[in-house]
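Survey of secondary and tertiary structure
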Amino acid sequence: MTFTPIDMETWHRKPYFLHYHKDIPCTYSITVSLDITVLKKTGVSLYPALLYLLTKNLNHYEQFRTAFDEKGNVGIYSNMEPCYTIFHKEQETFSNLWTEYSEDFSTFLARYKADLETYGNVLDMDAKPNTFPVSMVPWTTFTGFHLHLQKGYDYLLPIFTLGKAWEHHGHWKIPLAIQVHHGVCDGFHVSRFVESLQQDLHQFQP
């Protein structure tokens, strides 16, 4: 993993970034329904498969890997890993885990299972820098989901929230809420990401 600072003077998004970060700070969210019928038919565990596909597509686009480093520089991570939540039933709390991404799904799944086995009972919320947040609300579905972050205007990475899957006329759907920073990510970029993700879901093979 490397972090490459952006040269603001030559960055093509400089005026957009300054406008939506300094002049009119702006984040936005969109909720989509993904068709996961093919994925359900494979019988693989839903959560790690979705984490894998989110990470795969996120790593294709620099708009979803743009962030501030610890010194306040804007730059792009070469690759990202998913930081996801797991629920602790007894405490009714959650913890953050992250799993090293691999383009090979079976490798990623093995790493996910190993991380869950090793760290699943650790009550901790820490996450490392080159991760993006994914959470899931498996108890209910939704058509809209919005985060209200006090310091959200300085957070450039996307935030993903999944909900409960449901069946409709033989097709399985799942809601996905995506929150992004307008300074680095426009509607075109989110739409392209969703289209790419949906295509991978249609073609998924474990």
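Residues numbered from 1 in each chain as written. Predicted model: local features only at pLDDT ≥ 70, side-chain atom pairs only at ≥ 80, totals over all residues. Heavy atoms only, no water.

**What about the packing of aromatic side chains?**
To be explicit about the condition: Each Phe, Tyr or Trp ring, with Trp reduced to its six-membered ring, pairs with another whose centre is within 6.5 Å; inter-plane angles below 30 degrees give stacked pairs, above 60 give edge-to-face pairs, and intermediate values give tilted ones. Each helix is a run of DSSP H or I of at least 4 residues and each strand a run of E of at least 2, with the numbering of both proceeding from the N terminus. Whether a charge sits over a ring depends on NZ of Lys or CZ of Arg being within 6 Å of the ring centre and within 35 degrees of the ring normal.
Counted according to the given criterion, the structure contains 15 aromatic pairs. A ring pair is formed by Phe87 and Trp139, whose centres lie 5.1 Å apart and whose planes are at 70°; its orientation type is edge-to-face. In this pair, Phe87 is assigned in strand β5 (residues 81-88) and Trp139 in the loop between β7 (131-136) and β8 (159-162), connecting sequence segments 52 residues apart. Joined through ring pairs, the aromatic side chains of Tyr52, Tyr101, Phe105, Phe108 and Phe204 make up one cluster. Its end group placed over the ring of Trp172, Lys40 keeps NZ or CZ at 4.2 Å from the ring centre.

**Some points on the UniProt feature "active site" (unreviewed entry) in the protein chain**
Cut-off, in case you're wondering: UniProt positions are given in the numbering used here, feature names are shortened, and annotations may be inferred rather than shown by experiment. Exposed residues in this analysis have more than 50% of their type's maximum accessible area, buried residues have under 20%, and partly exposed residues fall in between, with area computed by a 1.4 Å probe over protein chains only.
The sites that UniProt annotates as "active site" (unreviewed entry) are His182. Looking at where His182 falls in the secondary structure, it is placed in the loop between β10 (171-181) and α5 (187-202). By relative accessible area, which is 17% here, His182 ends up buried.

**Brief notes about the nonpolar core**
Heads up, the rule is: Nonpolar cores were defined as sets of buried Ala, Val, Leu, Ile, Met, Phe, Trp, Tyr and Cys residues, with membership established by side-chain atoms within 4.5 Å. In what follows, residue pairs with any heavy atoms lying within 4.5 Å of each other are defined as contacts.
Counting residues in each nonpolar core, the largest one holds 50 residues, and the members touching the most others are Leu34, Phe160, Leu176 and Phe193. If you tally residues by element for this core, the top one is helix α3 (residues 46-58), at nine residues. Those residues in contact with Phe193 that sit more than four places away from it in its chain are Leu54, Asn57, Leu58, Tyr61, Phe64, Phe160 and Ile178.

**Overview of unusual backbone geometry**
The backbone phi angle of Glu92 is positive, close to 55°, even though this residue is not glycine. By the secondary structure assignment, Glu92 is in the loop between β5 and β6 (93-98). Phi at His169 takes a positive value of approximately 55°, unusual for a residue other than glycine.

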